[in-house]
Amino acid sequence: MNLAWIHLALFSLTALFALLETDPRFRLVAIAIQYAVLFWVVSTSLSLGLALVKLIVGWTAIALLGASLWNASRIRPASFSWSQQVFRLLSGGMIIGLSFSFSSSPSTWLPVEMLYLRSGITLAGCGLLMNGFSRHPSMAILGLLEVLSGFELIYAFLVDSVLMTGMLALVTLGLAGIGAYLTFLNSLPEGQR
Amino acid sequence: MSTAWLWIILPLVSAFGLWFLRHHQRLSLGISSGLCIFLTLAAAILPLGNTLRLGGWTFELAPALTVLGRQLRLTDADRPLLVLFYGLGTLWFLGSARRHLSPFFVPHGLAALALMIAAFAVEPFIYSAPLIELAVLISIPALIPPGQTSFRAILRFITLQTLALPLLLTGGWMLGQIEGVPQQTETVLPAVLMVGVGFALWLAIFPFHTWVIMLPQDTPIFPSGFFLSLISTASFLVMLDFFNSFPWIRSILPIGAGLQLVGWLMLLLAGLWSLFMTDLRRVLGLSLIFDTGFGLIALSLGTPQGVTLFLETLPARILGLFLITHCLSYLQHTPNEALPISLHRLAPPTWASIGVLTSYFSLGGLPLLASFPARQGILFALAQQSLPALISALVGNLLFLLNGIRLFNYLMQPRDGTMAPPDESLKTLDGWLIPLAIIGLIGLGLLPGVFLQPALYAAQGFLNLAR
């Protein structure tokens, strides 16, 4: 079986899990696994050092968000109704369906294997859904991180610039830092804000 | 020494230093304003790329700095833009005195300013996308006041700005690949669409405009006005750089018609929405949307005159947005910035309410005010290209100015029952910026030639468009 299928399955499963899971900690774990798979994929197109940068930066971002959530005592697992979960599942399913609905034409514009293009679109789409569905700042930012990791998956096949990798790493860390800062502000008791 | 060291790296390093002094508001304001004045004067006086002799010392301001194979290039043609940006910094930092802003405003504002300069200096242009995203992220702590509970506008702002990044990078890469063979229209179209949506997200073009209206309502007006004017102006310049890098796109796709359509649509929408405005804070976002509409129409002309006219509008835009924000924050007497500013706050006439009206009418293109000469030129040029577009633009402009008359009516209404707060605007140094900015807007309207020469000079930086 083609390795790309395994990667696509792992990306889709973790993306759907992060979308449906109510406990933010498990969502973070799912996105951390995505970064590990991203490292696995991009190490085939980028140098090992640059791929490692993406992994370490991704995990650092998750750790930042995780630490801020850990300190935010007021955050509890969200409670979604049965219908909400079905809606989320259907939306996530539609994103995966959408990624498969593309004909091979995008691969004529972008020299990326079609399955990785589908993986990138799935991650970006599910991340966008997570961002839109979340009210809590950390989860909205987590959604954006997922969008960016979907993009980085595709972009790694196009550009292997050290400068661009560094700038994207800064953006990822910056986003996570802002997410952590907003979570911290959100968690302060009324009097201390 | 390279120009990038002076106008990009020095402010970045200073911003880093000021971060540690952020709780000493006066000191950090003094340093940042002083630095901005120095950089504005340096850009106005020093010829870039030439050797300078100061006594026995010789300096050479080389135009390019190479970083990991990419260049930060600031040439002599960029001098008017450097004056504009650091002039903007000077105004806003001086204006922020005596305001209870986030302590992060000065260091983060200065860093964002330097990153924006880097964004239009970097070559190739796609590297400007992560730089602008970094500037956006840096702006967030400066936008959040103590006690902020709602992050709705902030999250929308971050989300829409971040989504532009993948689109611009992917589209920019695709265009870079086909630059040699621009006949491949089937590849050009998706690439241009991606880049177009990316710019629409950055510039808050309809339907991605909501954050521009929400941001001044959910965050303190002063920093949101600063970052709105900074981000939108820098994004416009990056867009100009993009058209300059890929001039052949206009010959393959009807870019001009698209920009024109979006431009007059934004004018119409801003004009219509302004008539239903009840919260004065919305005037900032609506003015920005309106001005962006005119900027897009200027760029849609596809002529050297269009580029010059666009560059000519920038000083009026920056001064107008500064004055409107500065005055609105004066009118917001309550410490709770989450409360709306009623239109009744305009009465009785004070320097602040007169400032709001002057900047509103200036941004609306009223004759004898700063934006009018360039707007007149844009409308004349548009008349030669498309009559329906001209009529739509004029209707939008008329609606926007009609709302100005409505605001003027509120200004003249006597207050009943409640005592008007005393006009304390001229008791402070930053308060004096209001009459000075009003004089500036009227002066620019009366002497339109002042910015024509710098605009023509700056247009040389966009050689492929200015030919």
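Calculation rules
- Residues numbered from 1 in each chain as written.
- Chains lettered and ligands numbered in written order.
- Predicted model: local features only at pLDDT ≥ 70, side-chain atom pairs only at ≥ 80, totals over all residues.
- Heavy atoms only, no water.
- Helix = DSSP H or I, 4+ residues; strand = E, 2+ residues; numbered from the N terminus.
- Rg over C-alpha atoms; globule rule 2.2 N^0.38 Å.
- Buried < 20%, exposed > 50% of the residue type's maximum accessible area, 1.4 Å probe, protein only.
- Areas by Shrake-Rupley, 256 points an atom, 1.4 Å probe, with all protein chains shown as cover.
- Lys, Arg positive; Asp, Glu negative; His and termini not counted.
- Charge placed at Lys NZ, Arg CZ, Asp CG, Glu CD.
- Core = buried A, V, L, I, M, F, W, Y, C linked by side-chain atoms within 4.5 Å.
- Contact = heavy atoms within 4.5 Å.
- Salt bridge = Lys/Arg side-chain N within 4 Å of Asp/Glu carboxyl O.
- Polar contact = N/O pair within 3.5 Å; in protein donor to acceptor, adjacent residues only side chain to side chain.
- Phe/Tyr/Trp six-rings, centres within 6.5 Å; stacked < 30°, edge-to-face > 60°.
- Pairing = 2+ DSSP bridges.
- pLDDT = per-residue confidence, 0-100.
- Expected span 1.5 Å × (residues − 1).
- Buried area = accessible area lost by both parts, 1.4 Å probe.
- UniProt positions renumbered as here; feature names shortened; annotations may be inferred.
- Patch = residues over 30% accessible without salt bridge, like charges linked within 9 Å, V, L, I, M, F, W, Y side chains within 5 Å.
- Axes fitted to C-alpha atoms, helices over the stretch in contact; angles between N-to-C directions.
- Parallel < 35°, antiparallel > 145°, perpendicular 65-115°, else oblique.
- Nonpolar A, V, L, I, M, F, W, Y, C, P; charged D, E, K, R; others polar.

1. Things to note about the overall build of chain B
In terms of regular secondary structure, chain B is built from 19 helices and five strands. Taking 2.2 N^0.38 as the reference for a compact globule, 467 residues should give roughly 23 Å; the C-alpha atoms of chain B span a radius of gyration of 21 Å, in line with that estimate. Along the first, second and third principal axes, the C-alpha set of chain B runs to 70 × 60 × 45 Å. Relative to its 467 residues, chain B shows a buried fraction of 61%. Accessible surface, chain B: about 17500 Å² in total, of which carbon and sulfur atoms supply 68%. Distance from the positive charge centre (20 side chains) to the negative charge centre (17 side chains) of chain B: 5 Å.

2. Brief notes about the nonpolar core
If you look at the biggest cluster of nonpolar residues, it comprises 237 residues, and the most contacted ones within it are Y155 of chain A together with W7, I158, L175, L237 and L311 of chain B. By residue number, the principal contributor to this core is helix α13 (residues 304-331) of chain B, which donates 16 residues. Excluding residues within four positions of it along the chain, L175 of chain B makes contact with A191, V192, V195, F242, F246, W248 and I249 of chain B.

3. As for the pattern of salt bridges
Residues and elements named next belong to chain B. Overall, the coordinates contain seven salt bridges over all chains when judged by the stated rule. The salt bridge involving D279 is made with R281; its shortest N-O contact spans 2.8 Å. In terms of burial, D279 and R281 fall into one category: buried. Two residues, D291 and R375, come together in a salt bridge whose shortest N-O distance is 2.5 Å. Highlighted residues: D291 in helix α12 (residues 282-300) and R375 in helix α15 (residues 372-385), separated in sequence by 84 residues. Members of the salt-bridge network, linked through shared partners, are D291, R317 and R375.

4. As for the side chain of R22 of chain B
All names here are of chain B. By the secondary structure assignment, R22 is in the loop between α1 (3-20) and α2 (25-45). From its side chain, R22 meets the backbone oxygen of W19 in a polar contact 2.8 Å long. Leave out the neighbours within four places in its chain, and R22 touches P103, F104 and P107.

5. Here we look at the environment of L394 of chain B
Checked against the element boundaries, L394 of chain B lands in helix α16 (residues 387-412). Taking the C-alpha atoms as reference points, L394 of chain B and L379 of chain B, separated by 15 residues in sequence, lie 8.3 Å from one another.

6. Some words on the packing of aromatic side chains
Residues and elements named next belong to chain B. Considering all chains together, one arrives at 31 aromatic pairs over all chains under this definition. Summarising the aromatic geometry, the rings of F105 and F227 are spaced 6.4 Å apart at their centres and angled 85° between planes, so their arrangement reads as edge-to-face. With F105 in helix α4 (residues 105-121) and F227 in helix α9 (residues 221-245), this residue pair connects regions lying 122 residues apart in the sequence. In this structure, F105 and F227 share a single accessibility class: buried. Ring centres 4.9 Å apart and planes at 75° place the aromatic pair F226 and F227 in the edge-to-face group. Take F226 and F227: they sit in the same class, and that class is buried. Counting every residue linked through ring pairs, the aromatic cluster contains W92, F93, F105, F222, F226, F227 and F322.

7. Focus: the sheet that holds strand β3 (residues 64-67) of chain B
In spatial order, the strands read β3-β4-β5 (chain B); together these three strands make up an open sheet with antiparallel pairing. Looking at the sheet topology across the chains shown, the edges are occupied by β3 and β5 (122-123) of chain B.

8. Regarding the confidence of the model for chain B
Looking at chain B as a whole, its pLDDT mean stands at 86, while 93% of the residues score no less than 70. At the low end of the mean pLDDT range in chain B sits helix α19 (residues 463-466) of chain B, at 69; at the high end sits helix α5 (residues 128-143) of chain B, at 93.

9. A short note on helix α14 (residues 351-363) of chain B
All names here are of chain B. End to end, α14 covers 18 Å across 13 residues, agreeing with the expected 18 Å (1.5 Å per residue, within 8%). Taken residue by residue, α14 has A352, S353, G355, V356, L357, T358, S359, Y360, F361, S362 and L363 as its buried positions. Buried residues along α14 sit in contact with α11 (255-275), α12, α13, α15, α16 and α17 (433-446). One or two residues past the end of α14 sits G365, with phi positive at roughly 85°.

10. Some details on the interface of chain A and chain B
Every contact between the two is made by 32 residues of chain A and, on the other side, 34 residues of chain B. Summing both sides of the interface, chain A and chain B together bury roughly 2900 Å²; the carbon and sulfur share of this comes to 85%. Counting across the interface, chain A meets chain B through zero salt bridges. Inspection of the chain A/chain B interface yields three residue pairs in polar contact (both at pLDDT 80 or more). Those elements that provide at least two residues to the side of chain A that touches chain B are α6 (114-133), α7 (137-155) and α8 (162-187) of chain A.

11. A look at the UniProt feature "transmembrane region" (unreviewed entry) in chain A
The UniProt record marks residues 32-65, 86-103, 115-133, 140-158 and 164-184 of chain A with the feature "transmembrane region" (unreviewed entry), using the residue numbering of this structure. Taken end to end, residues 140-158 of chain A comprises 84% helix and 0% strand; its first and last C-alpha atoms sit 28 Å apart.

12. Quick word on α2 of chain B
In this model α2 of chain B runs 30 Å from its N-terminal to its C-terminal C-alpha over 21 residues, within 8% of the 30 Å that 1.5 Å per residue would give. Contacts made by the buried residues of α2 of chain B are with α1, α3 (79-95) and α4 of chain B.

13. A few points about the environment of S79 of chain A
Residue and element names in this part refer to chain A. Relative to the elements of secondary structure, S79 occurs in the loop between α3 (48-71) and α4 (82-101). A residue is classified by how much of its surface remains accessible, and S79, at 68% relative accessible area, is exposed. Along the backbone, S79 and E21 are 58 residues apart, and their C-alpha atoms lie at a distance of 9.8 Å.

14. Examining the environment of H344 of chain B
All names here are of chain B. With respect to the element layout, H344 can be found in the loop between α13 and α14. Classification of H344 as partly exposed rests on a relative accessible area of 47%. Through-space distance from the C-alpha of H344 to that of Q460 is 46 Å; in sequence the pair is 116 residues apart.

15. Observations regarding the pairing of β3 of chain B
Residue and element names in this part refer to chain B. Where β3 and strand β4 (residues 70-73) come together, four bridges link them in antiparallel fashion. Following the sheet pairing, T66 is matched in β4 by Q71. As consecutive antiparallel partners, β3 and β4 are separated by two residues, and within that stretch L68 has a phi angle of approximately 45°, a positive value.

16. A look at a nonpolar patch on the surface
All names here are of chain B. A contiguous nonpolar patch, built from I37, L41, I45, L94 and L429 and spanning about 490 Å² of accessible area, is present on the exposed surface. Counting residues per element, the nonpolar patch draws most heavily on α2, at three residues. Tracing the sequence through the fold places I37 in helix α2. Relative accessible area serves as the criterion here: at 37%, I37 is assigned to the partly exposed category.

17. Description of the packing of α9 of chain B against α13 of chain B
Residue and element names in this part refer to chain B. The geometry of α9 relative to α13 is characterised by a closest axis approach of 9 Å and an angle of 170° between their N-to-C directions. Our classification of the angle between α9 and α13 gives roughly antiparallel. Seen from α9, the contacting residues are I221, F222, G225, S229, S232, T233, F236, L237 and L240; seen from α13, they are V307, F310, L311, L314, R317, I318, L321, F322, T325, H326, L328 and S329. Among the residues forming the contact of α9 with α13, the class breakdown is 13 nonpolar, seven polar and one charged.

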